[in-house]
Amino acid sequence: MLKVEGLRAGYGAVNILWDVAFHVDDGEIVAILGSNGAGKTTMVRTITGMIRASAGSVNFNGEELARHNSRYILDKGIVQVPEGRQLFTEMTVLENLEMGAFNKQRKEHFAENLRMVYQWFPKLEERAKQAAGTLSGGEQQMVAVARALIGMPKLLILDEPSLGLAPNIVDDILNVASTLVRQNGISVLLVEQDITKALACANRGYVIENGHIALDGTSAELAANDHVKKAYLGI
Amino acid sequence: MSTFLQACVNGLLMGGFYSLMGMGQNVIFGVMKIVNFCHGEMLMVGMYLTYFLCTTFGLDPYLCVPLVAIIMFFLGAVIQHTLITPSLGTKSFTNLLFLTVGLGLLLSNGALVLFGSEYRTIPTSYSQVYINLGPVTLALPRLISFGVLIVVSIALFAFLKYSTIGKQIRAVSQNPVGAEVVGINTKRIYILTYGLGTALAGIAGALLTGFYTIFPTAGASFGFRALIVVVVGGLGSIPGAFFAGIFLGLLETMVALFISPSYSDLIVFVTFIVILVVRQLIIIRRK
Ligand SMILES: Nc1ncnc2c1ncn2[C@@H]1O[C@H](COP(=O)(O)OP(=O)(O)OP(=O)(O)O)[C@@H](O)[C@H]1O
Ligand SMILES: [Mg+2]
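Per-chain numbering applies: the sequence of each chain, read as written, is numbered from 1 onward. Written order decides the labels, with chains lettered from A and ligands numbered from 1. In keeping with the model being predicted, local features are shown solely for residues with a pLDDT of at least 70 and side-chain atom pairs are shown and tallied solely at 80 or more, while totals for entire chains, interfaces and linings include all residues. The basis for every side-chain value is the complete set of non-hydrogen atoms in the structure, without hydrogens or water.

### Considerations on the packing of aromatic side chains
Residue and element names in this part refer to chain B. Between the rings of Phe, Tyr and Trp (Trp by its six-membered ring), a pair exists once the centres lie within 6.5 Å; its type follows the angle of the planes, with under 30 degrees stacked, over 60 edge-to-face, and the other angles tilted. In the structure shown here, the tally under the stated rule is 13 aromatic pairs over all chains. When the ring of Tyr212 is compared with that of Phe222, the centres are 5.6 Å apart and the planes differ by 70°; the resulting orientation is edge-to-face. Of this pair, Tyr212 sits in the loop between α8 (186-208) and α9 (220-233) while Phe222 is found in helix α9, placing the two residues 10 residues apart along the sequence. Using a 1.4 Å probe on the protein chains alone, a residue whose accessible area is under 20% of its type maximum counts as buried, one over 50% counts as exposed, and one in between counts as partly exposed. Judged by relative accessible area, Phe222 falls into the buried class, the value being 1%. Three or more aromatic residues joined by ring pairs form one cluster here, namely Tyr18, Tyr212 and Phe222. To qualify as a helix, a DSSP run of H or I must reach at least 4 residues; to qualify as a strand, a run of E must reach at least 2; elements of each kind are numbered from the N terminus.

So, in structure tokens, the structure goes:
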């Protein structure tokens, strides 16, 4: 589904990602693990067209996306729940969800998708008319996930959904993602610092360090890896 | 009593203009976080444009309003695309400051060269028609202008609240990163926003010509008041700008009535400074 090769990107003259390569198959949950500043968010921004790659390729279902803008990439079905949620805080929850329907096709399916996300997150229906900025952190993360689901992702990217949230809310969100993978056959790229949670949910994973892919393997392999244990799990 | 009511009505009317100018300034500020220092000059361009359309084609000034709005929209869009957007990339506030201040100077001096410094008016058959509303008397042009101002303000509210582009404008002003995440083309929104702000200033200019003289620096006082309105009403807040504009208009006429017309500018500026200082003190107190 997604195949990234030799990806290089950064900010201005500063290069952050060095020849990053990984792939996500249909119906897979793949974790990208790494500590603060490793380049995870930079990678997400590059794949979604928010910053331009200086080299490499992002192949999605056979199409090269690396030189396209973010709107084009959204149309193709790569939708992200960004780091820090990035909601429109003075708009209502419902307006935020409307903003997730970015093209004609998504607008046509808005009503049914709205019903679906309200089923996943009943809290959001209660709060539909409330300004998003007045919600709790967990509820805001739900809005961010719901907004992405309104965009009908084929590949859903979650950038640190656990950031600042209670464990049970994180479980709820990861649970929604896993169910969507099983029921609708979408794929998920899960970017996380919380390695235990991420590996429990993912099929495979990659460890990114200083902008390089340092390790990869199945969740079980990574959980058993000595380097991972020492550097990330503190065992 | 009737002079007081008369002053209220006049204050409301001028306040409506300040509101419109402030709202235009605020839409631009909200989206791009820049202060548009040539906003008043855009009003002046709207006045001369109306004058030109009326004298050349014999149109009525109020019929010119939609035309002026459209032309000013495109003028703003072109300025945004060719001048402002490229400077936004440099992230230098001083660049943008000089750019909009410079544009303002260019426009007012351009008007001086093209039209000279004399004061112009657009004579209409109804400019001397007065309407009696109970104890208050109003020149017909002022009444029409006020009606149009209110309609335009309501239309602007509705546009920003309900239309797709209006929602996108709000989205970009609240969270530009979030806007990009949901695929909004921010460059396009910049163009539409600056066009919209410029059109609003142009509409204010066109509506003024019914009862106000036209001269190259006619926009300056409105531009300055738009800044006051924005600061008092809250940066980026459209309803805030609307009410602050009305408040400013009423304040001016009340000062003119109870103290002296020659003090009204002075008191407006003093009030402005007092509000700034008080707000700063409140912010410091909270911390
Ligand atoms: N807008 C930016 N401009 C310049 N440098 C940036 C920018 N954003 C991030 N960086 C730098 O890029 C590097 C990688 O940052 P990135 O946000 O991709 O890390 P991350 O792995 O997502 O970390 P975290 O887990 O803290 O979110 C860091 O050194 C950071 O300082
Ligand atoms: Mg990050």
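### A look at the domain arrangement of chain A
Residues and elements named next belong to chain A. Here chain A is described as being made up of domain 1 (1-77 + 154-235) and domain 2 (86-152). For domain 1 and domain 2, the distance between their C-alpha centres works out to 23 Å. At the junction of the two partners, domain 1 supplies 16 residues and domain 2 supplies 13 residues. Carbon and sulfur atoms make up 75% of the area that domain 1 and domain 2 hide from each other, which totals about 1200 Å². For this document, the term salt bridge refers to a Lys or Arg side-chain nitrogen within 4 Å of an Asp or Glu carboxyl oxygen. Across the contact surface, domain 1 and domain 2 share 0 salt bridges. Looking at the side of domain 1 that touches domain 2, the elements with two or more residues in it are α2 (70-76), β7 (155-159) and α8 (167-184). A per-element tally of the side of domain 1 that touches domain 2 places α8 first, with 6 residues. Looking at the side of domain 1 that touches domain 2 residue by residue, the classes come out as 9 nonpolar, 3 polar and 4 charged. All domain edges in this entry derive from an automatic or database-based domain assignment. The contact criterion used is simple: two residues touch if any of their non-hydrogen atoms lie within 4.5 Å. Accessible area that two parts lose when put together, with a 1.4 Å probe and added across both, is what the buried area reports. Lys, Arg, Asp and Glu make up the charged group, whereas Ala, Val, Leu, Ile, Met, Phe, Trp, Tyr, Cys and Pro make up the nonpolar group; the residues left over, Gly among them, are polar.

### Observations regarding the interface of chain A and chain B
In this assembly, 19 residues from chain A lie in contact with 15 residues from chain B. Summed over both partners, the interface of chain A with chain B buries about 1500 Å², with 58% contributed by carbon and sulfur atoms. One can count 3 salt bridges joining chain A with chain B. We define a polar contact as two N or O atoms separated by no more than 3.5 Å, with the added condition that, inside protein, one atom must be a possible hydrogen donor and the other a possible acceptor, whereas residues neighbouring each other in sequence contribute only through side-chain atom pairs. Connecting chain A to chain B are 7 residue pairs in polar contact (both at pLDDT 80 or more). Elements with a contribution of two residues or more to the side of chain A that touches chain B: α2 and α3 (93-99) of chain A. Taken together, the residues of the side of chain A that touches chain B break down into 8 nonpolar, 6 polar and 5 charged.

### Some details on the site of ligand 1
Residues and elements named next belong to chain A. We call a residue near a given molecule or strand whenever any one of its heavy atoms falls within 4 Å of it. Not every one of the 14 residues close to ligand 1 is listed here, only the nearest: Asn36, Thr41, Thr42, Glu83 and Glu160. One of the side-chain N or O atoms of Tyr11 is found 3.4 Å from a nitrogen atom in ligand 1. Residue Gln193 places a side-chain N or O atom 3.0 Å away from an oxygen atom belonging to ligand 1. Computed by Shrake-Rupley with a 1.4 Å probe, the accessible areas treat only the displayed protein chains as cover when residues are assessed. When ligand 1 sits alone it has 640 Å² of accessible area, and the protein chains cover 61% of it. The element best represented in the shell around ligand 1 is helix α1 (residues 40-47), accounting for 4 residues. Of the residues that constitute the shell around ligand 1, the class distribution is 3 nonpolar, 7 polar and 4 charged.

### Quick word on α8 of chain A
All names here are of chain A. The span you would expect from a helix comes to 1.5 Å times its residue count less one. The end-to-end C-alpha distance of α8 is 25 Å, a good match for the 26 Å that 18 residues give at a rise of 1.5 Å each. Along α8, the residues that are buried comprise Val170, Ile173, Leu174, Val176, Ala177, Ser178, Thr179, Leu180 and Val181. Taken together, the buried residues of α8 touch β3 (29-33), α5 (110-120), α7 (137-150), β7, β8 (187-192) and α9 (195-201). Just downstream of α8, Gly185 is the residue with a positive phi angle, here 70°.

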